[in-house]
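Tertiary structure, described
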Amino acid sequence: MSKSPVRAQAEGAARVVVRRDSAVGEQSPDGGRKTAKATEEAAPAGKPTTGESAAAKKTAAAKKSAAAKKSADTKKPASVGKKAPGKKAPAEKAPAEKTPGNKAASSKRVGSAAKKAASSRRVASAAKEASAPVRKAPAVKKAPAVKKAPAAKKVTVATKKATARIKGTAPARAVVHPPGGESRTALVRRARRINRELAEVYPYAHPELDFTNPFQLVVATVLSAQTTDLRVNQTTPALFARYPTPEDLAAANPEEVEEILRPCGFFRAKTKSVIGLSKALVEDFGGEVPGRLEDLVKLPGVGRKTAFVVLGNAFGRPGITVDTHFQRLVRRWQWTGETDPDKIEAAIGALFPKSDWTDLSHHVIWHGRRICHARKPACGACPVAPLCPAYGEGETDPEKAKKLLKYEKGGFPGQRLNPPQAYLDAGGKPAPPLGAG
């Protein structure tokens, strides 16, 4: 352990005194040496010798410097906190080694200084921790959610384009929306099962207009608007007997044709239509009924409904006939919610294969005329009641429902004067001619 300068100086002075008090003695001015005893004898009584006075002076100087350092040490603790915690004052150890009291005071001062240094370190670290979130604040402002806004715009644009494509396509695949949470697959299965059930109930379903060629069928279909097929079948025999070809009807007197068609209702408008389509057949198609949809709809009084009746029953080309009965039943069965005939045709056509379209039209129309009536449907006698979402709108009692049946299901004659043989074999009765009974 290293000695302090004050202590080293005191020890040096003590050694000098010991030497001068030793038997060697001091050298006299004349070159001789004096012993300690001679020196004591030569020195006057009560006065110190030269060596003693020098030693005393050095000892007093050492005490003064020690006292000065003690007073300086008492002032230093106030400034210890200001210095760096790692540095210690070298003068703190000197006074601590002299007395036990000084050691205790020095240790207390060092402990308080260490505590203050530790507290200052804690304050500094707390300040750093407190300032850390403030420094990270700019990173929090840069939230990634704001940058996702352009992506939403892209999705909107894509949706608009997709909607534009849907609007430009045929409505066959776009207008089918299964109602009541029913999936499209379930709707298709239910619709096709209803058609199969109706095919078993009406195996002889056929067009209920009397005709022998496409010309008679197209004229009879135009006349069936706003009236029954039975009334048309009772009127057309006289018309075709007098005007059997398109050429004959095109050259007919309108007043004579009006008189024949009076029982059908709207006879003036219907006279204009049948004479006009006859002239168009003669002028544009050589007196023959065309077998294409785009050609048939060009004829006066012929729309898509009439065109599909002709194509399906005269040319064997599939088509859906959307008349009033068909519209009512497909909405009642919730096959579609559309009301426009063209949209209904497209929606129902998407549920069935094209080969079923013509027979499907017959099954639905026959069922609408005989059992599923507009005002009083016979729900209690309906063969497809378990598959019908509208069950209960009509009479559900089986006995009462049977009294609501019409045509051959109720024991009454059908609408055709000359029905197919299959209908007659199944128990159907031909309708009476106009004016009979």
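Residues numbered from 1 in each chain as written. Predicted model: local features only at pLDDT ≥ 70, side-chain atom pairs only at ≥ 80, totals over all residues. Heavy atoms only, no water.

The name given to the protein chain in an unreviewed UniProt entry is Endonuclease III, with Streptomyces venetus as the source organism. The protein chain has a UniProt comment under Sequence similarities (unreviewed entry) that states "Belongs to the Nth/MutY family." (UniProt positions renumbered as here; feature names shortened; annotations may be inferred.)

**Thoughts on a positive patch on the surface**
On the surface, a cluster of positive charge is contributed by Arg 184, Arg 192, Arg 193 and Arg 196. Along the chain, Arg 184 turns up in helix H8 (residues 184-201). (Patch = residues over 30% accessible without salt bridge, like charges linked within 9 Å, V, L, I, M, F, W, Y side chains within 5 Å. Areas by Shrake-Rupley, 256 points an atom, 1.4 Å probe, with all protein chains shown as cover. Salt bridge = Lys/Arg side-chain N within 4 Å of Asp/Glu carboxyl O. Lys, Arg positive; Asp, Glu negative; His and termini not counted. Charge placed at Lys NZ, Arg CZ, Asp CG, Glu CD. Helix = DSSP H or I, 4+ residues; strand = E, 2+ residues; numbered from the N terminus.)

**What about the packing of aromatic side chains?**
One pass over the full model with this rule turns up 7 aromatic pairs. Consider the rings of Trp 335 and Phe 352, whose centres lie 5.4 Å apart with planes at 55°: the pair is tilted. Remark: Phe 352 occurs in the loop between helix H17 (341-349) and helix H18 (357-370) and Trp 335 occurs in the loop between helix H16 (324-332) and H17; sequence separation between them is 17 residues. With respect to class, Trp 335 is no different from Phe 352; both count as buried. Members of the aromatic cluster, connected to one another through ring pairs, are Tyr 202, Tyr 204, Trp 366 and Tyr 423. Positioned over the ring face of Trp 366 is Arg 370, at 3.7 Å from the centre of the ring. (Phe/Tyr/Trp six-rings, centres within 6.5 Å; stacked < 30°, edge-to-face > 60°. Buried < 20%, exposed > 50% of the residue type's maximum accessible area, 1.4 Å probe, protein only. Lys NZ or Arg CZ within 6 Å of the ring centre and 35° of its normal.)

**Quick word on the layout of surface pockets**
Of the voids in this model, the largest pocket is the one considered here, and its volume is about 1,000 Å³. Taken together, the elements giving at least two residues each to the lining of the largest pocket come down to helix H9 (214-223), helix H13 (267-285), helix H15 (304-314), H16 and H18. The greatest single-element share of the lining of the largest pocket, amounting to 6 residues, is contributed by H18. Across the lining of the largest pocket, the residue classes tally to 14 nonpolar, 19 polar and 11 charged. (1 Å grid on protein atoms, 1.4 Å probe; cavity = no way out; pocket = protein on both sides within 12 Å on 5 of 7 lines; lining within 4 Å. Points joined across faces, edges and corners; volume = space filled by probe spheres on them. Nonpolar A, V, L, I, M, F, W, Y, C, P; charged D, E, K, R; others polar.)

**Focus: helix H12 (residues 254-261)**
Side chains three or four residues apart in an α-helix point the same way, a direct result of the helix having 3.6 residues per turn. When we look at burial in H12, the residues that qualify are Val 257, Ile 260 and Leu 261. Angularly, the buried residues of H12 cover 90° about the axis, an arc narrow enough to put them on a single face. Among the exposed residues of H12, those oriented more than 90 degrees off its buried face are Glu 255 and Glu 259. Residues of H12 that are buried in the fold lie against H9, helix H10 (229-242), helix H11 (246-250) and H13. (Arc of directions from axis to C-beta. Contact = heavy atoms within 4.5 Å.)

**Observations concerning the packing of H16 against H17**
Orientation of H16 relative to H17, taken along the N-to-C sense of each, is 55°, at an axis distance of 11 Å. With respect to H17, the axis of H16 lies oblique. Regarding H16 and H17, the two cross each other, and that crossing is left-handed. Together, Phe 326, Gln 327, Val 330 and Arg 331 of H16 and Pro 341, Ile 344 and Ile 348 of H17 make up the contact between the two elements. (Axes fitted to C-alpha atoms, helices over the stretch in contact; angles between N-to-C directions. Parallel < 35°, antiparallel > 145°, perpendicular 65-115°, else oblique. Left-handed = near helix turned anticlockwise from the far one by under 90°.)

**Notes on unusual backbone geometry**
Notably, Gln 334 is not glycine yet its phi reads approximately 60°, a positive angle. Relative to the helices and strands, Gln 334 resides in the loop between H16 and H17. At Tyr 407, a residue that is not glycine, the phi angle is positive and equals roughly 55°. Within the secondary structure, Tyr 407 sits in the loop between helix H19 (398-402) and helix H20 (421-425).

**Details of the state of the cysteines**
By definition, a disulfide links the sulfur atoms of two cysteine residues through a covalent bond. Applying the stated criterion across every chain yields a total of 0 disulfides. Distance from the sulfur of Cys 388, which forms no disulfide, to the nearest cysteine sulfur (Cys 372) is 6.2 Å. (Disulfide = S-S within 2.5 Å.)

**Looking at the environment of Arg 189**
Note on placement: Arg 189 falls in helix H8. Given a relative accessible area of 61%, Arg 189 falls into the exposed group. Taking the C-alpha atoms as reference points, Arg 189 and Phe 352, separated by 163 residues in sequence, lie 9.7 Å from one another.

**Considerations on the nonpolar core**
Ranked by size, the top nonpolar core spans 35 residues in total, and within it Ile 194, Phe 326, Trp 333, Trp 335, Ile 348, Leu 351 and Phe 352 carry the most contacts. If you list the elements that add at least two residues to this core, you get H8, H16, H17 and H18. Looking at this core, the element that brings in the most residues is H8, giving 5 residues. Apart from the residues within four sequence positions on either side, Ile 348 is in contact with Ile 320, Phe 326, Val 330, Trp 335, Thr 336 and Leu 360. (Core = buried A, V, L, I, M, F, W, Y, C linked by side-chain atoms within 4.5 Å.)

**Considering the environment of Ile 260**
Position of Ile 260 among the secondary structure elements: in helix H12. Residue classification places Ile 260 among the buried residues on the basis of a relative accessible area of 18%. Separated by 22 residues in sequence, Ile 260 and Ala 238 place their C-alpha atoms 7.2 Å apart. What Ile 260 contacts, discounting residues up to four positions off in sequence, is Thr 235, Ala 238, Leu 239, Arg 242 and Tyr 243.

**Structural notes on the pattern of salt bridges**
Think of it this way: side chains of opposite charge can pair up when their charged atoms draw near. In total, this model carries 13 salt bridges according to the counting rule given. Arg 304 serves as the salt-bridge partner of Asp 342, at 3.8 Å between the closest nitrogen and oxygen. In this pair, Asp 342 is assigned in helix H17 and Arg 304 in helix H15, connecting sequence segments 38 residues apart. Through salt bridges that share partners, Glu 208, Asp 229, Arg 369, Arg 370 and Glu 408 make up one connected network.

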